[in-house]
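# Observations on the model geometry
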Amino acid sequence: MGILDYFRSSSNWSVEKVREFLKENNPDDYNLVDVRQPKEYEREHIPGAKLIPISELPNRFNELDPNKPTIAY
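What counts and how
- Residues numbered from 1 in each chain as written.
- Predicted model: local features only at pLDDT ≥ 70, side-chain atom pairs only at ≥ 80, totals over all residues.
- Heavy atoms only, no water.
- Helix = DSSP H or I, 4+ residues; strand = E, 2+ residues; numbered from the N terminus.
- Buried < 20%, exposed > 50% of the residue type's maximum accessible area, 1.4 Å probe, protein only.
- Contact = heavy atoms within 4.5 Å.
- Areas by Shrake-Rupley, 256 points an atom, 1.4 Å probe, with all protein chains shown as cover.
- Polar contact = N/O pair within 3.5 Å; in protein donor to acceptor, adjacent residues only side chain to side chain.
- Arc of directions from axis to C-beta.

What follows concerns the overall build of the protein chain. Helix and strand counts for the protein chain come out as 3 helices and 3 strands. Of the regular secondary structure in the protein chain, the N- to C-terminal order runs α-β-α-β-α-β. Per-residue burial over the protein chain gives 27% buried out of 73 residues. In the protein chain, once contacts between residues fewer than 6 apart in sequence are set aside, the share between residues at least 24 apart is 54%. Accessible surface computed for the protein chain: about 5,400 Å², of which carbon and sulfur atoms make up 50%.

See below:
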């Protein structure tokens, strides 16, 4: 599997749409990925987000479930 199996092209979602999605769906039903640096994540992050810095993503995408929608920020 390649990285595109985990991240499919989609339209950009507004903050409101992401909030609505997170509120209406069970956290077990999607991948929520924080791609910032560890210090930024430690300062503040969305509860339930998995930290995978963007530079590490190519080596760690296998930690995500390709059958679930992925939201990265």
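Along the chain, N31 turns up in strand β1 (residues 31-34). Classification of N31 as buried rests on a relative accessible area of 8%. Looking at N31, its side chain comes within polar contact range of the main-chain oxygen of D65, at 2.8 Å.

Right, let's talk about helix α1 (residues 15-24) for a bit. The complete set of buried residues in α1 reads V18, F21 and L22. Taken down its axis, α1 places every buried residue within 95° of arc, on the same side. In α1, the exposed positions angled more than 90 degrees off the buried face are occupied by E16, R19, K23 and E24.

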